[in-house]
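Secondary and tertiary structure notes
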Amino acid sequence: MSDRTVIVGMNNPLSEDPRAALLPYPRRSAGWNLWRMANEVCGVSRAEFRRSFEFVNLCDDRLWCPIAARAKYDALESAWAGRRVALLGRAVLGVLWLAAPPYDLRWRAGRPYLWCSLPHPSGLCREYNDEKLRLAVGLRLEQEMSRAAE
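All values reported here derive from a predicted model rather than from experimental measurement.

1. Observations regarding the pattern of salt bridges
Taken as a whole and judged by the stated rule, the model has 13 salt bridges. Taking the shortest distance from any N to any O, the salt bridge between Arg83 and Glu54 comes out at 2.8 Å. Of this pair, Arg83 sits in the loop between helix H3 (66-76) and strand S3 (84-88) while Glu54 sits in strand S2 (residues 53-59), and the two are 29 residues apart along the sequence. Glu54 sits in the partly exposed class, given a relative accessible area of 22%. A salt bridge links Glu127 to Arg90, with the nearest nitrogen and oxygen atoms 3.0 Å apart. Taken as a pair, Glu127 in the loop between strand S4 (114-118) and helix H5 (131-149) and Arg90 in helix H4 (residues 89-95) lie far apart in primary sequence, 37 residues in all.

In structure tokens form, the structure reads like this:
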């Protein structure tokens, strides 16, 4: 079993290939924005960032579909038992029927895994206009990269 933190996003509008989930390119994509927050804190390369986490989108289609996302989650949930899972955005939280306050970077129990919620790193998410939030997310990512390296 991997000890890497799982980062769960929505879908990739650029590719239906699951291996492309949250890639740190092209510029300004969700994966690139996520990597940039980590890079600003600890100078991590894109390759090292990719190796430090397991990235999954709940929908493999280019368009978001909550029904397909829930079906994929149901198939993956048991594989994440005992791991840490970072959930990106309100849509992902909604599909998992989580009524937690959005964007709580603390690890929570109550699932077969520990989880936290982060704002979705798309360019549409206004919460990231807050410099303190970007720094906090970058620090959380750095902590998880350090755990994976141990």
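Once the structure has been displayed, the description carries forward.
2. Details of the sheet that holds S3
Strands in a sheet are paired, the pairing made by backbone hydrogen bonds, and the direction either parallel or antiparallel. Pairing is parallel in the open sheet, where 4 strands are placed in the order S2-S1-S3-S4. This sheet does not close on itself; its edge strands, each paired only once, are S2 and S4. When the angles between neighbouring strand axes are averaged without regard to direction, this sheet yields 25°. Where S3 lies against S4, 5 bridges are found, and the strand directions are parallel. Pairing of Arg84 across the sheet is with Leu114, part of S4.

3. Re the environment of Ala21
With respect to the helices, strands and loops of the structure, Ala21 is situated in the loop between strand S1 (5-11) and helix H1 (30-42). The contacts of Ala21, once residues within four sequence positions are left out, are Arg50, Phe55, Val56 and Asn57.

4. Looking at the confidence of the model for the protein chain
Per-residue confidence for the protein chain averages 92 on the pLDDT scale, and 97% of its residues sit at or above 70. At the level of individual helices and strands, the protein chain shows its lowest average pLDDT in H4, which scores 92, and its highest in S2, which scores 97.

5. Points about the environment of Asn11
Structurally, the position occupied by Asn11 is in strand S1. Judged by its relative accessible area of 15%, Asn11 is buried. Considered as a pair, Asn11 and Trp80 are 69 residues apart in the sequence and their alpha carbons are 19 Å apart. In contact with Asn11, other than residues within four places in its own chain, are Asn57, Cys59, Asp61, Arg62, Leu63 and Trp64. Here Arg62 takes part through its backbone oxygen, which lies 2.6 Å from a polar atom of the side chain of Asn11.

6. Quick look at the packing of H1 against H5
At a closest axis distance of 8 Å, the pairing of H1 and H5 adopts a crossing angle of 80°. Comparing their axes, H5 and H1 come out roughly perpendicular. Here H1 contributes Leu34, Met37, Ala38, Val41 and Cys42 to the contact with H5, which in turn contributes Arg134, Leu135, Val137, Gly138, Leu139, Leu141, Glu142 and Met145. Residue classes in the contact of H1 with H5 are distributed as 10 nonpolar, 1 polar and 2 charged.

Conventions used here
Residues numbered from 1 in each chain as written. Predicted model: local features only at pLDDT ≥ 70, side-chain atom pairs only at ≥ 80, totals over all residues. Heavy atoms only, no water. Salt bridge = Lys/Arg side-chain N within 4 Å of Asp/Glu carboxyl O. Helix = DSSP H or I, 4+ residues; strand = E, 2+ residues; numbered from the N terminus. Buried < 20%, exposed > 50% of the residue type's maximum accessible area, 1.4 Å probe, protein only. Pairing = 2+ DSSP bridges. Axes fitted to C-alpha atoms, helices over the stretch in contact; angles between N-to-C directions. Contact = heavy atoms within 4.5 Å. pLDDT = per-residue confidence, 0-100. Polar contact = N/O pair within 3.5 Å; in protein donor to acceptor, adjacent residues only side chain to side chain. Parallel < 35°, antiparallel > 145°, perpendicular 65-115°, else oblique. Nonpolar A, V, L, I, M, F, W, Y, C, P; charged D, E, K, R; others polar.

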